[in-house]
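Structural description and commentary
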Amino acid sequence: MMDLCLYAMNEAERQKVEYADIRIINSKEQKLVSENERVYEVKDNIDQGFGVRVLKNGAWGFASSPIIAKDEIAKVVRNAVAVAKASASVNSKIKDKKISVLKNPKVIDSFKTIVRVDPFSIPIKDKFDFMFEISRRMLKVDKIKKVYSVANFENVDKHFANIFGSQIHTNVTTTMFEYVAYAVDESTSKDRSYGIYPQTIGYEAILESDLLDRCERVASEAVMKLTAHRGVEGIKDLVLDPTHLALTIHESVGHATELDRALGMEESLSGRTFATVDKLNKMQYGSPIVNLVADLTLENGLATHGYDDDGTKGKRWHIVKDGIFSGYSTSIDTAPEISMSESNGRCNADSWFSIPIVRIPNLGLMPGKDNLSVDDLIAGVDDGIYIEGMGSFSIDQMRENFQFGGDVFWEIKHGKITRMLDNVTYQAITRDFWNSCDAIAGEKYWVKSGVANCGKGDPMQTAKMTHGAAPARFRNIKIGGGNV
Ligand SMILES: [Zn+2]
């Protein structure tokens, strides 16, 4: 494959482009869904193809094909150059700005997810047997009427080369598993879900998980939701579990600190941001104990690929350091816009037929330094709510004004959890929220969770990233009953 990549780069050089790269991708994906004790869905795909990106006359061109052959590659390179020239001619009429890219050092390297048990080596029947056992255990709980399990496995083998001489081979395996139990009574139904957090890892993540052990508890919590107290409102303190914080971090920090949004290059899907370039290294994003770190080297991280699709090696950097806004997710064409000499390296495409765009990296809230436990956090709350799991969310175009739900809510009174609540939502302004964070549990409580279906761009691309956190406490947050 790499010889074809080099052939493509020679063709691009002959076209006198400013920059070019190619990705040749072979991927496998398996998605299995069970409903109670029957097969609900089986998807078992393989896919291959390549995409060529060129920079010519200060504009991007991109073309792709599923036919991996020399003649086709030459044609696709010419197509990409034609697209770039056409874009440049339009650009020159509407603006003078030309795109330029940072010159990454030449790299010849490879990266492979460490996989002990290849998920594609396990027979589909064995996987469904495991899912049916989960269903059996949950359906034994009174009022549980439906149980769905979803298993998703991916392997992406990628050969990358660019015009600077880099040759990078990556092989990334992703494993996900989640189940949801539906409890039903005369008037309503409620669900509760649980899973192993999606990771770049093999099937061992499932074999060594507590998925079976947690079945009864998760089912019982779905039943408890049927009679949980509703309609809680007012100003209260929140203790947020890592499984919940993942989405809050994602929406209020991750997307807000993508440099293409800050530069006005991306506007789809709540696409702009308040975290503009003039605020970098100045704005108080959160309280001084808030450290949000991007880490593309994180073990088993969903965005841990060795290199991004610009050929930039995975790094670790602060997005928020001691409360101060201090970094963006970047690409080789956005980083020079703010005089960075290197990209932080989070520019990825979701397939061979998509052009790479800036994405949220693995992004985590660092644990607190005082070794507090989650019980310590709860003990410091007189009137509040402990929230687990992800639920609904909405956020405005500037990523400033948000509302989040959750999966399970526990009332806290006088330092103790008293009862389950239902349908809680909270609202805040991003910076007020993070500045109200007054305690974060210690390293022992730091858990990796993640988002497996982040949508961005137009046409939309999806991406996956890990969001780790320890439970954290937020003071005086507006709680609404919500109708979600
Ligand atoms: Zn997203």
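Residues numbered from 1 in each chain as written. Predicted model: local features only at pLDDT ≥ 70, side-chain atom pairs only at ≥ 80, totals over all residues. Heavy atoms only, no water.

A word on the pattern of salt bridges
Using the following cut-off: Between Lys or Arg on one side and Asp or Glu on the other, a salt bridge is scored when a side-chain nitrogen of the former is within 4 Å of a carboxyl oxygen of the latter. Runs of H or I in DSSP of at least four residues are treated as helices and runs of E of at least two as strands, each being numbered from the N terminus. With a 1.4 Å probe rolled over the protein chains alone, any residue whose accessible area is under 20% of its type maximum counts as buried; one over 50% counts as exposed, and the rest are partly exposed.
Applying the stated criterion to the full structure yields 36 salt bridges. Note that E221 is salt-bridged to R217, the shortest N-O span being 3.6 Å. Of this pair, E221 and R217 both sit in helix α5 (residues 215-226), four residues apart, roughly one helical turn. D422 serves as the salt-bridge partner of R230, at 3.8 Å between the closest nitrogen and oxygen. One end of the pair, R230, is in the loop between α5 and β8 (234-240); the other, D422, is in the loop between β19 (416-421) and β20 (425-429), and 192 residues separate them in sequence. Overall, R230 belongs to the partly exposed group, its relative accessible area being 48%. Assessed through its relative accessible area of 4%, D422 is described here as buried. Members of the salt-bridge network, linked through shared partners, are R192, R217, E221, K225, E388 and D407.

Overview of the domain arrangement of the protein
For an interface, size is often stated in terms of accessible area lost upon the parts coming together. Under the convention used in this document: The domain limits used here are those given by an automatic or database domain assignment. By the convention used here, residues are in contact when the closest approach between their heavy atoms is within 4.5 Å. Defined here as a combined quantity, buried area equals the accessible surface (1.4 Å probe) lost by two parts on assembly, summed across both.
Assigned domains within the protein: domain 1 (2-226) and domain 2 (234-480). Averaged C-alpha coordinates put domain 1 and domain 2 at centres separated by 21 Å. Facing the 45 residues of domain 1 at the interface are 42 residues of domain 2. Regarding the contact of domain 1 and domain 2, the summed buried area is about 3600 Å², with carbon and sulfur atoms giving 56% of it. Remark: the boundary between domain 1 and domain 2 carries seven salt bridges.

Digging into the sheet that holds strand β14 (residues 363-365)
Sheet strands associate in pairs through backbone hydrogen bonding, adopting either a parallel or an antiparallel arrangement. To keep things clear, this is the line we draw: Pairing between strands requires that DSSP locate at least two bridges from one strand to the other. With axes taken as lines fitted to C-alpha atoms, and helix axes fitted only over the stretch in contact, angles between N-to-C directions fall between 0 and 180 degrees.
Taken together, four strands build an open sheet; the order of strands is β11-β10-β9-β14 and the sheet is antiparallel. Of all the strands in the sheet, just β11 (324-325) and β14 have a single pairing partner and so form its edges. Both strand β9 (residues 292-295) and strand β10 (residues 316-321) contribute to a ladder of four bridges, which runs antiparallel. Among the inter-strand pairings, D295 is bridged to a residue of β10, identified as R316. Taken strand by strand, helix α6 (residues 242-254) contacts β9, β10 and β14, and its axis lies near 115° from that of β14.

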